[in-house]
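An overview of the molecular structure
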Amino acid sequence: MTQRYILFLIFLGCVFALAGAWIAQTFFGIQPCTLCLYQRYIYWAILVVAAVAALFKYPGMHRFALGVTCLLLLAELGVALYQVAVELHWTPLPAVCKAPSLSGQTIDELRQQLTSQPHVACDQVQWKLFGISMAGYNSLHSMALLLIAIFGLAFARKQKQ
């Protein structure tokens, strides 16, 4: 198994996670909170790293991309586990997840602010399966991808240039 193939597996795993989030939001009305959006940004960054590594064939590029991917997946896992801790009220709600303050002077201005900024609290679980929230499943998913990336760094053979 080559490092390029490992990057492709991780790429597919990120596409799967982003597609699942898009389907949940589009077809089931599950709106993302701020921490959910942060996790999506990290997945997009991993997609970019994997795509760049696939396009350029410099010596050591795949190994470097796997290293960067490991760091990004570690960040992804950290944010996902932090969200689980927030959902379970093990840690206080972070400031980025609190509702924005309203500054309107009239009822129309307040209504405009409320309707233009949909807010989902990070500690409110919108969906569970077998008692595990989407953040919990994302933690498991990102942990699996991280283990694959670590395997790729440690054991996968290098692609012949």
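Summarised in this report is the structure supplied together with it. (Residues numbered from 1 in each chain as written. Predicted model: local features only at pLDDT ≥ 70, side-chain atom pairs only at ≥ 80, totals over all residues. Heavy atoms only, no water.)

**Some thoughts on helix α1 (residues 3-28)**
Selection rule: By definition, any uninterrupted DSSP run of H or I lasting at least four residues is a helix, any uninterrupted run of E lasting at least two residues is a strand, and each is numbered from the N terminus. Multiply 1.5 Å by the residue count of a helix minus one, and that product is the helix's expected span. Here's how the labels work: a residue is buried when its accessible area is under 20% of the maximum for its type, exposed when over 50%, partly exposed in between, all with a 1.4 Å probe on protein chains only. Only heavy atoms enter the contact rule, under which two residues are in contact if any of them lie within 4.5 Å.
With 26 residues, α1 should cover 38 Å at 1.5 Å per step; its first-to-last C-alpha distance of 36 Å lies within 8% of that length. Listing the buried residues of α1 in full gives Gln3, Ile6, Leu7, Ile10, Gly13, Cys14, Ala17, Leu18, Ala21 and Ala24. Next to the buried residues of α1 lie α2 (34-55), α3 (61-87) and α5 (134-154). After α1 finishes, the residue Gly29 shows a positive phi value of roughly 70 degrees.

**Some words on the environment of Met61**
Structurally, the position occupied by Met61 is in helix α3. Dropping the residues within four chain positions of it, Met61 is found in contact with Val52, Ala53 and Phe56.

**Overview of the layout of surface pockets**
Any empty space left between atoms is shown by rolling a water-sized probe over those atoms. Short version of the rule: A cavity, in this analysis, means grid points on a 1 Å lattice covering only the protein atoms where a 1.4 Å probe fits yet has no way out; a pocket is instead an open set bounded by protein on both sides within 12 Å along at least five of seven lines, and a residue lines either one if it has an atom within 4 Å of a point. Grid points are joined across faces, edges and corners, and a volume is the space filled by probe spheres set on the points. Three residue categories are used. Nonpolar comprises Ala, Val, Leu, Ile, Met, Phe, Trp, Tyr, Cys and Pro, charged comprises Asp, Glu, Lys and Arg, and polar comprises the others, including Gly.
Within this model, the largest pocket holds a volume of roughly 710 Å³. Lining the largest pocket are 31 residues; nearest its centre among them are Gly20, Ala21, Ala24, Met134 and Asn138. The set of elements that each furnish at least two residues to the lining of the largest pocket consists of α1, α2, α3 and α5. With eight residues, the top contributor of residues to the lining of the largest pocket is α1. In the lining of the largest pocket, the residues fall into 20 nonpolar, nine polar and two charged.

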